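Working through the structure, step by step
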2 protein chains.
Amino acid sequence: MPRYKLLIEYDGSDFVGWQRQDNGISVQQALEDAVHAFAGERTAVFGAGRTDAGVHALGQVGHVDLTRAFDAATVRDALNFHLKPRPIAVIEASLVEPDFHARFSARERGYLYRITNRRARTAVDAGRTWWVPVPLDAAAMHVAAQTLVGHHDFTTFRAALCQARSPVKTLKSLDVERNGDEIKIAARARSFLHHQVRSMVGTLKLVGEGKRTADDVRAALDARDRTKAGPTAPASGLYLMEVLY
Amino acid sequence: MPRYKLLIEYDGSDFVGWQRQDNGISVQQALEDAVHAFAGERTAVFGAGRTDAGVHALGQVGHVDLTRAFDAATVRDALNFHLKPRPIAVIEASLVEPDFHARFSARERGYLYRITNRRARTAVDAGRTWWVPVPLDAAAMHVAAQTLVGHHDFTTFRAALCQARSPVKTLKSLDVERNGDEIKIAARARSFLHHQVRSMVGTLKLVGEGKRTADDVRAALDARDRTKAGPTAPASGLYLMEVLY
């Protein structure tokens, strides 16, 4: 049974997230419906990152098994045809070995968080960034971010509903950079806890406002206590950019 | 009577364009309604570029006269409050001399045209770029673009409805650059004819496909004949980026 790897882009605004839910349409369901419309089979599409409602992806990776063998370009084009007019696109499809697993074979995930930092609301980027009208010190945020890099117990930055077996993760990098009115926060790790990036961003935003110091962030991490994190940043600013295998 | 210069951003998708029209809401009308709601007066907002329906702006400039004097930051914040929830934002407001005119004082305008060049439809950037699925040679497009730079009669690249007195314009630069799946075309001039950028882009796209050469583009320019231009590129890929005074 041939297995296909899919590189997937989506605007998460109108979805309940990657994973199937009872309360609306998920990205996974939209893809599985497209597979059914194209290949006539009801089969699961597995994803590398179970992004939340409102979270976007430029480089989500999924895999699917089909009974019949198709040319990979046909799989890509047919899925895109049946995904219309939803804001989901299969950028690439490729035939992979049967032991490839989009989620379990991944060795690194890259997320980007976008903040628009200016007095005026977002217009062109509405729903695609977090609008923060108070001035943020991006350099201070970057310094504080470095206290989170490395192998730690990230209980402080974990959602109550997180299903991971262990809160211990290795954060490979967390870089904060300003470019005009936009602040970009790039996070890389083998894997993340549920809400980890948004919770770290929400905490760094307090540093940017001058309400917390880098030492406070380190102390919050060490406390292993969810009440020590800042408010979770909104989903609209988060992008799953890349999954490495 | 104090005059305010406004730096304006908008997503043009749901507007009939900058200028007031009978068939829907324009950016100008939305701004004038916000001025009325804030300052209680019905007065015109003049814009540097009369962008068409669907064209976006990250750096449109307008001006407005108000009877009462307000702090410029108050003008910005109040307009943004009354513009909600429309995708228009006043990024900056500043008090200017009474002889400043958003349109007539402008000495340079910068436009950007974005093409997504890949097999898969756009998802996150739907409505914000021109999706071209056939591979384009951006380097060839850049070479051909250089034949249009300079002082020329641009009749070939002018809309039938163009109201400019003369078709002669000086195109300061026209640069085509590929970055992954995205091709960016940046155009700068003191002013442009109606549809000029979209018409030049539509012609360069034929060069990217190998259907026209740089010599063909030069011959089309020299012909001063609208039927020699390629199909006008869609509005969704065009952004008014900057106006210099």
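Rules and cut-offs
Residues numbered from 1 in each chain as written. Chains lettered and ligands numbered in written order. Predicted model: local features only at pLDDT ≥ 70, side-chain atom pairs only at ≥ 80, totals over all residues. Heavy atoms only, no water. Helix = DSSP H or I, 4+ residues; strand = E, 2+ residues; numbered from the N terminus. Rg over C-alpha atoms; globule rule 2.2 N^0.38 Å. Buried < 20%, exposed > 50% of the residue type's maximum accessible area, 1.4 Å probe, protein only. Contact = heavy atoms within 4.5 Å. Areas by Shrake-Rupley, 256 points an atom, 1.4 Å probe, with all protein chains shown as cover. Lys, Arg positive; Asp, Glu negative; His and termini not counted. Charge placed at Lys NZ, Arg CZ, Asp CG, Glu CD. Phe/Tyr/Trp six-rings, centres within 6.5 Å; stacked < 30°, edge-to-face > 60°. Least-squares fit on C-alpha atoms with pLDDT ≥ 70 in both. Expected span 1.5 Å × (residues − 1). Domains from an automatic or database assignment. Buried area = accessible area lost by both parts, 1.4 Å probe. Salt bridge = Lys/Arg side-chain N within 4 Å of Asp/Glu carboxyl O. Polar contact = N/O pair within 3.5 Å; in protein donor to acceptor, adjacent residues only side chain to side chain. Core = buried A, V, L, I, M, F, W, Y, C linked by side-chain atoms within 4.5 Å.

This part covers the overall build of chain A. On a plain count of helices and strands, chain A comes out with five helices and 10 strands. On C-alpha atoms alone, chain A measures out to a radius of gyration of 19 Å, which is about the 18 Å that the 2.2 N^0.38 rule sets for 245 residues. Along the first, second and third principal axes, the C-alpha atoms of chain A reach 60 × 40 × 30 Å. Every one of the 245 residues in chain A was classed for burial, and the buried ones make up 54%. Put simply, of all contacts in chain A between residues at least 6 apart along the chain, 71% involve residues at least 24 apart. Of the roughly 10,900 Å² that chain A leaves accessible, carbon and sulfur atoms contribute 50%. Taken together, the 33 basic and 28 acidic charged side chains of chain A have centroids lying 3 Å from each other.

So, on to the packing of aromatic side chains. All names here are of chain A. One pass over the structure, following the stated rule, counts 10 aromatic pairs over all chains. The interplanar angle of 50 degrees and the centroid separation of 4.6 Å between the aromatic rings of phenylalanine 38 and phenylalanine 70 together place this pair among those described as tilted. You can see phenylalanine 38 sitting in helix α1 (residues 27-39) and its partner phenylalanine 70 sitting in the loop between β3 (56-65) and α2 (72-83), a full 32 residues away along the chain. Residue phenylalanine 38 is classed as buried on the basis of its relative accessible area, which comes to 18%. Both rings, one in tyrosine 111 and one in phenylalanine 192, keep their centres 5.4 Å apart while their planes meet at 90 degrees; by these two values the pair is edge-to-face. Of the two residues, tyrosine 111 is situated in strand β5 (residues 108-116) and phenylalanine 192 in the loop between β9 (182-189) and α4 (196-208); the sequence distance between them amounts to 81 residues. Under the relative-accessibility criterion, tyrosine 111 is labelled buried at 12%.

Superposition of chain A onto chain B requires a rotation of 180 degrees combined with a translation of 0.0 Å along the rotation axis, giving an RMSD of 0.0 Å. Seen this way, the second copy is the image of the first under a two-fold rotation axis. Within chain A, aspartate 125 of chain A has its C-alpha nearest the rotation axis, a separation of 5.0 Å. Interface residue correspondence from chain A to chain B reaches 100%, placing this contact among same-surface, isologous pairings.

As a further point, take unusual backbone geometry. All names here are of chain A. The peptide bond linking lysine 84 to proline 85 adopts the cis configuration, its omega dihedral lying at -5 degrees. For proline 85, the location among the structural elements is in the loop between α2 and β4 (88-96). The phi dihedral of histidine 195 is positive, around 70 degrees, even though this residue is not glycine. On the secondary structure map, histidine 195 appears in the loop between β9 and α4. Positive phi is not limited to glycine here, since arginine 224 has a value of about 50 degrees. Relative to the helices and strands, arginine 224 is located in the loop between α5 (214-223) and β10 (238-244).

Take helix α2 (residues 72-83) of chain B next. Residues and elements named next belong to chain B. If you check α2, its first and last C-alpha atoms are 17 Å apart, about what 12 residues at 1.5 Å a residue would give, namely 16 Å. Within α2 the residues assigned to the buried category are Ala72, Val75, Arg76, Ala78, Leu79, Asn80 and Leu83. Lining the buried residues of α2 we find β1 (3-10), α1 (27-39) and β4 (88-96).

Residue and element names in this part refer to chain A. Taken domain by domain, chain A comprises domain 1 (3-96) and domain 2 (108-244). A straight line from the C-alpha centre of domain 1 to that of domain 2 covers 27 Å. At the interface, 16 residues of domain 1 touch 16 residues of domain 2. Both sides together, the interface formed by domain 1 and domain 2 hides about 1,100 Å², and carbon and sulfur atoms give 53% of it. Taken as a group, Asp52, His56 and Leu58 account for 40% of the area that domain 1 buries against domain 2, more than any other trio of residues on that side. Our enumeration of links across domain 1 and domain 2 arrives at two salt bridges. Between aspartate 11 and arginine 128 there is a salt bridge whose closest N-O contact spans 3.0 Å.

Right, let's talk about the interface of chain A and chain B for a bit. Every contact between the two is made by 27 residues of chain A and, on the other side, 27 residues of chain B. Between chain A and chain B the total buried area reaches about 2,000 Å² when both faces are included, carbon and sulfur atoms providing 51% of it. Put simply, chain A and chain B have 15 residue pairs in polar contact (both at pLDDT 80 or more) between them. Counting only elements with at least two residues in the side of chain A that touches chain B, the list comes to β1 (3-10), β3, α2 and β4 of chain A.

A separate point is the nonpolar core. One finds Leu6 and Ile115 of chain B to be the most contacted residues of the largest nonpolar core, which totals 68 residues. A total of six residues in this core trace back to one element, the largest contributor, which is α1 of chain B. A domain split of this core shows at least three residues from each of domain 1 (3-96) and domain 2 (108-244) of chain B. The residues contacting isoleucine 115 of chain B, other than those within four sequence positions of it, are Trp130, Val132, Leu136, Met141, Asp181, Glu182, Ile183, Ile185 and Val201 of chain B. Trp18, Ile88, Phe100 and Met141 of chain A belong to the second largest nonpolar core, which has 67 residues in total.

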